[in-house]
Amino acid sequence: MTEQTYTVVGMTCDHCVMSVREEVSEVAGVTAVDVDLPTGRLVVTGEDVSESAVHAAVAEAGYEVRA
Ligand SMILES: [Cu+2]
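Residues numbered from 1 in each chain as written. Predicted model: local features only at pLDDT ≥ 70, side-chain atom pairs only at ≥ 80, totals over all residues. Heavy atoms only, no water.

A. Broad picture of the side chain of Gln-4. With respect to the helices and strands, the residue Gln-4 is situated in strand β1 (residues 2-9). Take Gln-4: its relative accessible area is 15%, and that puts it in the buried class. Only 3.0 Å separates the side chain of Gln-4 from the backbone oxygen of Val-49, close enough to count as a polar contact. If we skip the residues at most four places from it in the chain, Gln-4 touches Leu-42, Val-43, Val-44, Val-49, Glu-51 and Val-54. (Helix = DSSP H or I, 4+ residues; strand = E, 2+ residues; numbered from the N terminus. Buried < 20%, exposed > 50% of the residue type's maximum accessible area, 1.4 Å probe, protein only. Polar contact = N/O pair within 3.5 Å; in protein donor to acceptor, adjacent residues only side chain to side chain. Contact = heavy atoms within 4.5 Å.)

Okay, structure coming up:
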């Protein structure tokens, strides 16, 4: 089990957080998703989670991962 940390840009409310949480939860191997709204911090826990899949999931939710 590993933990990856990302910074998501553009989230403004709890609905944004929920969208990101939902999309990222669907990425293969993900077991837990934690999103902190004020800082945009996204912590993804799981097994062999693809970073590019997480980026794509965040984009699917309508936001962007800061490179
Ligand atoms: Cu929002």
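B. Geometry of the pairing of strand β3 (residues 41-46). With 5 of 6 residues buried, β3 is to be regarded as a mostly interior element. Pairing geometry for β1 and β3, over 6 bridges, is antiparallel. Bridged to Tyr-6 within β3 is Leu-42. Relative to β3, strand β2 (residues 30-36) is paired through 6 bridges, and the arrangement is antiparallel. Paired with Val-35 across the strands is Leu-42, a residue of β3. (Pairing = 2+ DSSP bridges.)

Geometry only, nothing functional implied.
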